[in-house]
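Residues per chain are reported as follows:
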Amino acid sequence: MGEKLTEKEEEDVRHLVDVATEHQYILDSSLAQRFLLARKGDRESAFDLFKEYILRFGEERLLHINPEDPRVNEELLSGKYCIPGATANDGTSIVIFRAKLHVKCSNKEELHVCLQAIFFCLSFVLSTVSAQRNGVTFIFDMTKLGIKNVDTSLMKTMLTLLKNAFPGRLAIAYMFNSPRWFRTITTLLRPFIKRKMMDRVKFIKKLTDEVNPEELPEFVGGKRPHDTHKRMQYIISSFTMLSKYNLSHKSIKANPHVASQLTLRAQGLQGRSKTQQKQPSQPPTVTTTTATATTSTTSTTSTPEKSAPQKTPIHLQQRRLRSHAAIRQRQQTTLQQQQQQQQQ
């Protein structure tokens, strides 16, 4: 089983897309494939994971990650994140986080930027069928780790999202070359993380026992020359390949109930029960009947203007589409030029 899906897996992907459509979601087949393989072909579990992904990643504002955002771009090029393009002995893809280069996030915005960088890297690694099927090995390089580098909030949030909502399998997380005092801090995280997830965290002093030295960068004891900054620049320039693996904006807005939930949470209006009880308007792309706990509406049902969410003007939507198209064209041109230079 390599880079292609089996006939049964292809059938399961189509089924998952159809189920999502029945529930008023727009789910791309490539993204559906990730949810399905993350749950080892279990259709029901895959759809449950999809719904959790929308809600949990929506709350963390991680559904749309743009590596060209100045803050995210700076974070990705900081040297913390390493994607060597290698695999461990068990066939899982490798992602390395250099903890000594990280300083504990001082506020929620800094935490948000770090989470965007981490899940961007994971999405890139999971862009192949073999990686989606085998999973990811996450290596935390804790060489020369200090107290200022320990970020329990980042670790707790990341591991929770990976376990409960991310369309990808975390095979194992290696805590490489960690100081003794760090294990004490790790015990503080156990009450907040499921035991099955904590069982996947392993403390080791020598990575070469788990991964071929030829596959590891030199800074973690391997023999593979690796320019972290140059490699990440290449990944960012080719990030258009990830677009089919990201949840589109329509996938959220297609379901008015989910859209209203995310809007209310983002605006801090959870406590206003009257606002929560209002029925959101039907998006123009949805033509089937939408049922709620107490009412049933169709796309032809009129909704009072005051209960409808604010819509983006048409001319602004068109401007955004043109801007995105121009960005993608530039990125594709850059990628082609880099490939030509490598061939030469």
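Cut-offs used in this document
Residues numbered from 1 in each chain as written. Predicted model: local features only at pLDDT ≥ 70, side-chain atom pairs only at ≥ 80, totals over all residues. Heavy atoms only, no water. Axes fitted to C-alpha atoms, helices over the stretch in contact; angles between N-to-C directions. Helix = DSSP H or I, 4+ residues; strand = E, 2+ residues; numbered from the N terminus. Parallel < 35°, antiparallel > 145°, perpendicular 65-115°, else oblique. Left-handed = near helix turned anticlockwise from the far one by under 90°. Contact = heavy atoms within 4.5 Å. Nonpolar A, V, L, I, M, F, W, Y, C, P; charged D, E, K, R; others polar. Polar contact = N/O pair within 3.5 Å; in protein donor to acceptor, adjacent residues only side chain to side chain. Pairing = 2+ DSSP bridges. Buried < 20%, exposed > 50% of the residue type's maximum accessible area, 1.4 Å probe, protein only. Salt bridge = Lys/Arg side-chain N within 4 Å of Asp/Glu carboxyl O.

Caption draft 1: View of the packing of helix α5 (residues 108–125) against helix α7 (residues 152–164). The interhelical angle for the contact between α5 and α7, taken along N-to-C directions, is 40°, at an axis separation of 11 Å. Considering the angle they form, α5 stands oblique to α7. The handedness of the crossing between α5 and α7 is right-handed. Across the interface between the two elements, L111, C114, L115, I118, F119 and L122 from α5 touch S153, L154, T157, M158, L161 and L162 from α7. Of the residues assigned to the contact of α5 with α7, the class counts are ten nonpolar, two polar and no charged.

Caption draft 2: Main features of the environment of R56. In this structure, R56 sits in helix α3 (residues 43–59). Remark: the alpha-carbon pair of R56 and T160, spanning 104 residues in sequence, is separated by 9.8 Å. With residues near it in sequence (within four places) discarded, R56 still touches T160, L161, N164 and A165. Within the structure, the side chain of R56 is placed 2.7 Å from the side chain of E52, a separation counted as a polar contact.

Caption draft 3: Up close: the environment of K230. Locating K230 in the fold gives a position in helix α10 (residues 228–237). Taking the C-alpha atoms as reference points, K230 and L77, 153 residues apart in sequence, are found 8.8 Å from one another.

Caption draft 4: Quick peek at the sheet that holds strand β4 (residues 170–176). The strand order across the open sheet built from five strands is β1-β2-β3-β4-β5, with neighbouring strands paired in mixed fashion. Bordering the open sheet on either side are β1 (81–82) and β5 (201–204), each of which pairs with just one other strand.

Caption draft 5: How the structure looks around helix α2 (residues 29–38). Most of α2 sits inside the fold, with nine of its ten residues counted as buried. Regarding α2, the residues found buried are S30, L31, A32, Q33, R34, F35, L36, L37 and A38. Two or three places before S30, at the opening of α2, D28 has a side-chain oxygen 2.8 Å from that residue's backbone nitrogen.

Caption draft 6: View of the pattern of salt bridges. With the rule as written, the count across this model stands at twelve salt bridges. One salt bridge in this structure joins R43 and E11, with 3.8 Å as the shortest N-O distance. Linking R43 in helix α3 with E11 in helix α1 (residues 7–22), this pair joins segments that are 32 residues apart in sequence. The structure contains a network of salt bridges with shared partners spanning K8, E11, D12 and R43.

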